[in-house]
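Here is what each chain is made of, one letter per residue.
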Amino acid sequence: MKTLKDIKGMKGKGGKQRALIRVDYNVPLKGNKILDTRRIDASFATIHALQKKGMQVLLLAHLGDASASLKPIATYLSKHFSVKFVTTPILHPEKKGALLERLPKDTVILFENIRQYEGEEKNTPVFAKALSKLGDIFVNDAFSVSHRKHASVVGIAKYLPSYAGMQLEKEINMLSPLLTNKKHPFLFILGGAKFSTKVPLLKRFIDSADNVVISGAILNSFYKTAGFEVGASVVEDGYEKEINKLLSSPKLLLPTDVVVLRGTKKLSLMANEIQKNDTIVDIGKDSVRLINEKIQKAKVVVWNGPTGWYEKGFTGATIALAKAIKESKAQAVIGGGDTGVVVEKVVGDAKRVFISTGGGATLDFLANGTLPGVQSLK
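The model shown is predicted, which means the values in this text are computed figures rather than measured ones.

Chemist: I would appreciate a short explanation of the overall build of the chain in the present structure.
Modeler: Scanning the chain from terminus to terminus reveals 16 helices and 17 strands. Relative to its length of 378 residues, the chain is compact, with a C-alpha radius of gyration of 23 Å against a globular reference of 21 Å. Dimensions of the chain, computed from the C-alpha atoms along their principal axes, are close to 70 × 45 × 35 Å. A burial count over the chain gives 53% of its 378 residues as buried.

Chemist: I keep staring at the sheet that holds strand β13 (residues 265-270) and nothing clicks. Help me out?
Modeler: Consider a sheet: its strands pair through backbone hydrogen bonds, and that pairing is either parallel or antiparallel. Taking strand neighbours across the sheet as the criterion, the 3 strands line up as β13-β12-β14 in an open arrangement whose pairing is antiparallel. Two strands bound the open sheet, and with one partner strand each, they are β13 and β14 (279-283). Averaged over all adjacent pairs, the angle separating strand axes in this sheet is 35 degrees, with direction ignored. Examined bridge by bridge, strand β12 (residues 257-262) and β14 share 4 bridges and lie antiparallel to one another. Paired with Val259 across the strands is Asp282, a residue of β14.

Chemist: Could you clarify how one ought to interpret unusual backbone geometry in this entry?
Modeler: Both trends apply: most residues other than glycine have a negative phi, and most peptide bonds are in trans. Residues His184 and Pro185 are joined by a peptide bond in cis, for which omega reads 5 degrees. You can see Pro185 is positioned in the loop between α8 (166-175) and β9 (186-190). One non-glycine residue with positive phi stands out, namely Asn123, at about 50 degrees. By the secondary structure assignment, Asn123 is in the loop between α5 (118-122) and α6 (125-132). Taking relative accessible area as the criterion, Asn123 reaches 22% and is therefore assigned partly exposed. Look at Lys194: it is not a glycine, yet its phi comes out positive at around 55 degrees. Structurally, Lys194 is set in the loop between β9 and α9 (195-208).

Chemist: Which parts of the structure should I look at to understand the pairing of β12?
Modeler: Working note: regular strand, side chains alternate between the two faces of the sheet. Here 6 bridges tie β12 to β13, and the two strands are oriented antiparallel to one another. Paired with Asp257 across the bridge in β13 is Met270. The antiparallel hairpin formed by β12 and β13 contains 2 residues in its connecting segment, where Gly263 sits at a positive phi of about 70 degrees.

Chemist: Help me understand helix α15 (residues 360-368) in this model?
Modeler: Owing to its 3.6 residues per turn, the α-helix brings residues three or four apart onto one side. Residues of α15 that are buried: Ala361, Thr362, Leu363, Phe365, Leu366 and Ala367. If you follow the buried residues of α15, they end up packed against α8, β9, α9 and β15 (300-304). Looking one or two residues beyond α15, the residue adopting positive phi is Gly369, at roughly 85 degrees.

Chemist: I'm lost on the pattern of salt bridges in this one. Help?
Modeler: Opposite charge on two side chains permits them to pair, given that their charged atoms come into close proximity. Summed over all chains, the structure comprises 8 salt bridges. Here Lys224 and Asp237 are joined by a salt bridge, their closest N and O atoms 3.2 Å apart. Placement of the pair is Lys224 in helix α10 (residues 218-226) and Asp237 in the loop between α10 and α11 (240-247), with a sequence separation of 13 residues. A relative accessible area of 43% means that Lys224 is categorised as partly exposed. Among the residues examined, Asp237 registers a relative accessible area of 48% and is labelled partly exposed. Members of the salt-bridge network, linked through shared partners, are Asp36, Arg38 and Glu344.

Chemist: When you look at the packing of aromatic side chains in this model, what are you seeing that I'm missing?
Modeler: Using the criterion set out here, one finds 8 aromatic pairs in the structure. Consider the rings of Phe44 and Phe81, whose centres lie 5.3 Å apart with planes at 80 degrees: the pair is edge-to-face. In this pair, Phe44 is assigned in helix α2 (residues 44-52) and Phe81 in the loop between α3 (71-77) and β5 (82-86), connecting sequence segments 37 residues apart. The buried category is assigned to Phe44, whose relative accessible area is 12%. A residue is classified by how much of its surface remains accessible, and Phe81, at 7% relative accessible area, is buried. Ring geometry for Phe143 against Phe365: centres 6.2 Å apart, planes inclined by 65 degrees, an arrangement best described as edge-to-face. Of this pair, Phe143 sits in the loop between β7 (137-140) and α7 (151-155) while Phe365 sits in helix α15, and the two are 222 residues apart along the sequence. Each member of the pair, Phe143 as well as Phe365, carries the same accessibility label: buried. The structure contains a cluster of three or more aromatic residues connected by ring pairs, namely Phe186, Phe188 and Phe205.

Chemist: Hey, could you run me through the sheet that holds strand β11 (residues 252-253) in this one?
Modeler: As summarised here, the arrangement of the 6 strands in space is β11-β10-β9-β15-β16-β17, forming an open sheet in which the pairing is parallel. Where the open sheet ends on each side, the last strands, each with one partner, are β11 and β17 (353-355).

Chemist: How should the packing of α9 against α11 be read in this particular structure?
Modeler: Describing two packed helices takes the angle between their axes plus the distance from one axis to the other. Remark: α9 packs on α11, axes separated minimally by 11 Å, with the N-to-C direction vectors making an angle of 30 degrees. The orientation of α9 with respect to α11, classified from their angle, is roughly parallel. By crossing handedness, the relation of α9 to α11 is classed as left-handed. Residue-level contacts link Phe195, Val199, Leu202 and Ile206 of α9 to Glu242, Ile243 and Leu246 of α11. Looking at the contact of α9 with α11, its residues break down into 6 nonpolar, no polar and 1 charged.

Reading the values: rules and limits
- Residues numbered from 1 in each chain as written.
- Predicted model: local features only at pLDDT ≥ 70, side-chain atom pairs only at ≥ 80, totals over all residues.
- Heavy atoms only, no water.
- Helix = DSSP H or I, 4+ residues; strand = E, 2+ residues; numbered from the N terminus.
- Rg over C-alpha atoms; globule rule 2.2 N^0.38 Å.
- Buried < 20%, exposed > 50% of the residue type's maximum accessible area, 1.4 Å probe, protein only.
- Pairing = 2+ DSSP bridges.
- Axes fitted to C-alpha atoms, helices over the stretch in contact; angles between N-to-C directions.
- Contact = heavy atoms within 4.5 Å.
- Salt bridge = Lys/Arg side-chain N within 4 Å of Asp/Glu carboxyl O.
- Phe/Tyr/Trp six-rings, centres within 6.5 Å; stacked < 30°, edge-to-face > 60°.
- Parallel < 35°, antiparallel > 145°, perpendicular 65-115°, else oblique.
- Left-handed = near helix turned anticlockwise from the far one by under 90°.
- Nonpolar A, V, L, I, M, F, W, Y, C, P; charged D, E, K, R; others polar.

That's the geometry; what it means functionally is another story.
What follows is the structure, encoded as structure tokens:
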């Protein structure tokens, strides 16, 4: 896999060499306000590096569904770069020829939401080839979407010299050692929802980790399979066989107490005290204390997914575990998304803690050792 260091002879060509970069600017918004800029900020190093090589930078990104606009992101970028926001159809790159030629080479062009085009998610050759005509080289710096087989992630690489951006390279370098980790104790904490997407990850780490902690909404499925009442909590059925096999492992740790909503009341209960109308919203203090003890003894901690119902504000245990990681001596890798937002606020710029920009991409990489967007660069 080639990186930016492998790009030679691009400087001093009058800005005619164009780098087409896939970035991930799919960030949470409230109106036009960006609530979390981490993914945007992570792309700056690659943009600056290519500008230093004398290249014209063009950015491809998506935001939400096909109807969402990247204009708030362009406004944010304009504080750091000279940004031209282009909304003309990507499918007709010849119409942009004059525009691209007359722009100063230090101008960054951000094209509108790539998912407005049907050929993007279908990865049609026609669309991928049309995209490739916009640039002279392709750079994938969007680790967090590299598990998608989309035209702007894997399709373009068939038509242009392709390279890994600095953030993509950093993600791979930080996550790869975990695939063959030899540092112990090794603690793996898994939360969030969608147990179905986490089965491969659990199968891998139940063997290599010293302990695997289950939390978040996926805990409900484990409780139900183990015979506990889960009340009105969300459960994924159909995975009893996989869960029973995991439950038989002495490495698996299930929280012994939880926080529930009973009507409008928030209660702390032992797992065997949950009633039919209760909704599990977080893990309890006793369980947090036991997990904290594991964190303090660990040399490596991998954590993906919040412990509680993050969207409803139940972040107590997640924050408590983040504080424990900050106070520990463990090397920690935190999955992106909701967990990353909370943990970053607690740990700041602690060098021992790496917060990935990926959510599903991080899970897939740790489970499979690679991603389609990474493979396409090789």
